[in-house]
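Results of the structural survey
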Amino acid sequence: MVSTFAPQAAGDLNFLKKLNRSSILGTVRRYPGATRADIAAHTQLTKATVGGVVQALLERGWLREGELQPRGGGRPGRALYLDDAHHVLLGADIGVRGLRVVACTLGGEVLLQRYVTEAPTTPEETATRLAEMLRVLRDDPVIVDRHCLGLGVTVPGPVAPEQPILRLAPNLGWIDVAFLEVLRPHLPDLDGAWLLDNEANAAAFGEFYFHDGIPPESIVYISAGSGIGSGLVTGDNYPLVPRGIQGLVGEIGHTIVQPGGLYCHCGNRGCAETLVSGWAIRAALGIADTENLEAAIAARGDDPDVNAVLRRAGEALGTLMLNLHHTLNPAMLVLGGSLMHLGERLIAPALAYFEAHQNDLLRGTQRVPVKVIHDSTFTAARGAAAQVMAKAALEA
């Protein structure tokens, strides 16, 4: 399967140096405070290679030295950390109901974030508005003196695996949009790596790449919002994002759960999105598209119809979790997206269904952990920033 960050075979020395640099940065990211000797042991690179690459990264402001680390019987080594003082990573998320931008350090700390509740219209108008937000962000005193390593943009639909083209965003009505080409003329001075990805893929990547400590072997992120999708990330120094030949890996919202059921925005019938998505819940409860979904549901209190719709949506979400567990078998599942704001009436049935059935196949007791991100407003944008760092580490 196609993966954005899978290292490609190459015979030149320059590419090998890039792989070494990425591997060393990945080791420091996973093991903050590692010494040069520790890095050599983890990467199986020679001490001379590690020393040369580390020195170059120190000079370029990617790494910084810390305290001396004592070693039994040998010379103490300097602890190494990602340098969060010199660079900035930009991420942007085009959501169905708003635009979000973030600025992050190399370690994933969010320095700035902005969100506007504006439903995207045409790609051209959206690019104009997004560029405006990014210029304001870039000129903020907090980051204006930092070197920008690039920009990652996420979209609510599958992206072609070999080129940055949004194939289809059913909830926006966008088809085959080369959005970066539309955006670039508005930001001619923004250098560095540029990339476009599906929002669930980017969110999964960020949860993996910026994981506190050593991440699980693999993570599946489920994005439940206006639509529903998922992203899988696995690997070590080169996180892998399987995409499929057409970029459709993770499009769980358009897997069929009710043959002959309601029509979906994609044109099929009985998709998961007809049960668990923002638009499906609105349709079932008669909530207008212009209303805030969370506020409208809260205003109806303990309405039996609301409870029934949310319970049915939660069970459908639990079904999707179980299907992903059986088909991808990740080491961790992460639930995010705007529907998490609806609270326990949606989340509890999903978790209960998954907990009750996740071991039916193996009759075992091992549990796959589930993390719930109750506010994932900037999760995809932060994930896009993580992808910028991963790409910059290979291309710098």
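Before reading on, note that the structure itself is shown above.
Model, not experiment: these values are computed from the prediction.

A few words on the overall build of the protein. Counting secondary structure elements, the protein contains 11 helices and 13 strands. Looking at the protein as a whole, 55% of its 396 residues are labelled buried. A sequence separation of at least 24 residues applies to 64% of the contacts in the protein between residues at least 6 apart. Of the roughly 17,500 Å² of accessible surface on the protein, 52% is carried by carbon and sulfur atoms. Measuring between centres, the 33 positive side-chain charges of the protein sit 6 Å from its 41 negative side-chain charges.

A separate point is the side chain of Arg100. Following the sequence through the fold, Arg100 ends up in strand S4 (residues 99–104). In this structure the side chain of Arg100 is engaged in a polar contact, spanning 3.0 Å, whose partner is the backbone oxygen of Thr377. Residues within four places of Arg100 in sequence aside, it is in contact with Gly91, Ala92, Asp93, Gly95, Arg114, Tyr115, Thr377, Phe378 and Ala381.

Taken together, 5 strands build an open sheet; the order of strands is S5-S4-S3-S6-S9 and the sheet is mixed. The open sheet has two free edges, formed respectively by strand S5 (110–116) and strand S9 (193–198), since each of these has just one partner strand. Taking the axes of each pair of neighbouring strands and ignoring which way they run, one obtains an average angle of 15° across the sheet. As judged from the 6 bridges shared by S4 and S5, these two strands associate in the antiparallel manner.

Right, let's get into the side chain of Thr377. By the element assignment, Thr377 lies in the loop between strand S13 (370–372) and helix H11 (379–395). Accessibility expressed as a relative area gives 17% for Thr377, which makes it buried. Within the structure, Thr377 has its side chain in polar contact with the side chain of Asp375 (distance 2.5 Å). What Thr377 contacts, discounting residues up to four positions off in sequence, is Asp93, Arg100, Tyr115 and His341.

What follows is about the sheet that holds strand S11 (residues 228–234). On the basis of which strands lie adjacent, the open sheet formed by 4 strands has the order S11-S10-S12-S13 and mixed pairing. Single-partner strands in this sheet number two, and they are S11 and S13. Between one strand axis and the next, the sheet turns by 20° as a mean value, whatever way the strands run. As paired strands, strand S12 (residues 332–336) and S13 are joined by 3 bridges and run parallel to one another. Bridging from a neighbouring strand, Val334 pairs with Lys371 of S13. Packing of helix H6 (residues 199–209) onto the sheet brings it into contact with strand S10 (218–224), S11, S12 and S13, and relative to S11 it is tilted by some 40°. Here helix H9 (residues 304–327) sits on the sheet in contact with S10, S11, S12 and S13, set at roughly 155° to S10.

Applying the stated criterion across every chain, the model contains 11 salt bridges. Note that Arg167 is salt-bridged to Asp176, the shortest N-O span being 3.2 Å. On the basis of relative accessibility, which here comes to 37%, the residue Arg167 falls in the partly exposed class. Note on Asp176: relative accessible area 46%, which makes it partly exposed. The partner of Glu207 in a salt bridge is Lys371, and the shortest N-O contact between them spans 2.8 Å. Taken together, the positions of Glu207 in helix H6 and Lys371 in strand S13 put the pair 164 residues apart, joining distant regions of the chain. Put simply, Glu118, Arg129 and Glu132 are held in one network by salt bridges that share partners.

Cut-off values and rules
- Every chain's residues receive numbers from 1 upward, in the order its sequence appears when written.
- Thresholds applied to this predicted model are a pLDDT of at least 70 for local features of residues and 80 or more for the giving and counting of side-chain atom pairs; totals over whole chains, interfaces and linings are not thresholded and use all residues.
- Only heavy atoms go into the side-chain values, all of them from the structure, while hydrogens and water stay out.
- Labels follow the DSSP assignment, with helices taken as runs of H or I lasting at least four residues and strands as runs of E lasting at least two, numbered in each case from the N terminus.
- Residue exposure (1.4 Å probe, protein chains only): buried if accessible area is under 20% of the type maximum, exposed if over 50%, otherwise partly exposed.
- By the convention used here, residues are in contact when the closest approach between their heavy atoms is within 4.5 Å.
- For every accessible area listed, the method is Shrake-Rupley and the probe measures 1.4 Å; residues are considered covered only by the protein chains on display.
- In this charge count, Lys and Arg are treated as positive and Asp and Glu as negative; neither His nor the chain ends contribute.
- Charge placement uses NZ in Lys and CZ in Arg. For Asp and Glu, CG and CD serve respectively.
- Pairs of N or O atoms are called polar contacts if they sit within 3.5 Å, as long as, within protein, a hydrogen donor faces a hydrogen acceptor (for residues adjacent in sequence, only side-chain-to-side-chain pairs).
- In this description, strands pair whenever DSSP reports at least two bridges between them.
- Axis angles are defined between N-to-C directions and span 0 to 180 degrees, where every axis is a line fitted to C-alpha atoms and, for a helix, only to the segment in contact.
- The salt bridge definition used is simple: a Lys or Arg side-chain nitrogen within 4 Å of an Asp or Glu carboxyl oxygen.

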